[in-house]
Amino acid sequence: FAPRGKLVGSTISVDSAVQTPLVKSSAGSTLVLESLTRSLRLSGNRGVFIDSPAGGININSFQSIHIGSTHGKFAIKGSDVRLKNLPTANSSTVSSFNSPHQIFQVCVCETGKLFLVPSRSHCDVNTNLCK
C-alpha cells in the first residue's frame, strides 16, 4: 500500500513504498532522503538520473561502493579525473631523474585492483599489491 496524495512537512516518515514522479524540497532547502535502519533504493525502469547543474555530487559510504553495468560500459568523464590513495609499488630498477612533479603510470592486476608504479618502471603483476 503506497500513500496517495501530497505529503508536505519538514520531516515525513513512511512505513511503505513511495511512488511518485517527483520529489523536491522547498526553495532554498536541502532535500534529504534517508533510511536510518534499512537501505534506500531508487529505481526506474528507464533509468535513474542524478543531476546537479550548479554544484557537485558526493557519494560516501562506510563500506564498499559498487558501480556496475550489465549490458553497457562504465565511463568517467571530466576535465580533471583523480584516483586518490592508490598504492604505489616500490621499484629499485627505476632510474632517478630530477622532476618537480612525481609522475606515475596506472597498473591493473588480473583482479581489477589498481596500483601505481613510477613512470619509467614496468607494471609487475607479481607484486604483493595484486595478492
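Scope of this entry: the structure provided in the associated data block. (Residues numbered from 1 in each chain as written. Predicted model: local features only at pLDDT ≥ 70, side-chain atom pairs only at ≥ 80, totals over all residues. Heavy atoms only, no water.)

**Remarks on the overall build of the protein chain**
Piece 1. Regarding its fold elements, the protein chain presents 0 helices and 2 strands.
Piece 2. When burial is assessed residue by residue, the protein chain has 9% of its 131 residues classed as buried.
Piece 3. Across the protein chain, every contact between residues at least 6 apart in sequence was considered, and the portion connecting residues at least 24 apart equals 27%.
Piece 4. For the protein chain, the exposed surface amounts to about 13,000 Å²; the carbon and sulfur share of it is 49%. (Helix = DSSP H or I, 4+ residues; strand = E, 2+ residues; numbered from the N terminus. Buried < 20%, exposed > 50% of the residue type's maximum accessible area, 1.4 Å probe, protein only. Contact = heavy atoms within 4.5 Å. Areas by Shrake-Rupley, 256 points an atom, 1.4 Å probe, with all protein chains shown as cover.)

**As for the nonpolar core**
Piece 1. Counting residues in each nonpolar core, the largest one holds 7 residues, listed as Ala89, Cys107, Cys109, Phe115, Val117, Leu129 and Cys130.
Piece 2. For Phe115, the residues in contact, after removing those within four places along its chain, are Pro87, Ala89, Gln105, Val106, Cys107, Cys109, Asp124, Thr127, Leu129 and Cys130. (Core = buried A, V, L, I, M, F, W, Y, C linked by side-chain atoms within 4.5 Å.)

**A word on the pattern of salt bridges**
Piece 1. Within the structure shown, the criterion is met by 1 salt bridge.
Piece 2. With a closest N to O distance of 2.8 Å, Asp80 and Arg82 form a salt bridge.
Piece 3. Look at Asp80 and you get partly exposed, because its relative accessible area is 49%.
Piece 4. Assessed through its relative accessible area of 59%, Arg82 is described here as exposed. (Salt bridge = Lys/Arg side-chain N within 4 Å of Asp/Glu carboxyl O.)

**Let's talk about the pairing of strand β2 (residues 114–118)**
Piece 1. The buried fraction of β2 amounts to 4 of the 5 residues, a majority that puts the element mostly inside the structure.
Piece 2. Bridging between strand β1 (residues 104–108) and β2 involves 5 bridges; their strand directions are antiparallel. When the sheet's bridge partners are listed, Phe104 is paired in β2 with Pro118.
Piece 3. Where β1 hands over to β2, the hairpin turn is made up of 5 residues, of which Gly112 adopts a positive phi near 100 degrees. (Pairing = 2+ DSSP bridges.)

**As for the layout of surface pockets**
Piece 1. Taken as a whole, the second largest pocket encloses approximately 850 Å³ of empty space.
Piece 2. Contributing to the lining of the second largest pocket are 22 residues, with Ile57, Ile59, Ile67, Phe74 and Ile76 lying nearest its centre.
Piece 3. When the residues that make up the lining of the second largest pocket are grouped by side-chain class, the tally is 11 nonpolar, 7 polar and 4 charged. (1 Å grid on protein atoms, 1.4 Å probe; cavity = no way out; pocket = protein on both sides within 12 Å on 5 of 7 lines; lining within 4 Å. Points joined across faces, edges and corners; volume = space filled by probe spheres on them. Nonpolar A, V, L, I, M, F, W, Y, C, P; charged D, E, K, R; others polar.)

So yeah, pure geometry; function would need other evidence.
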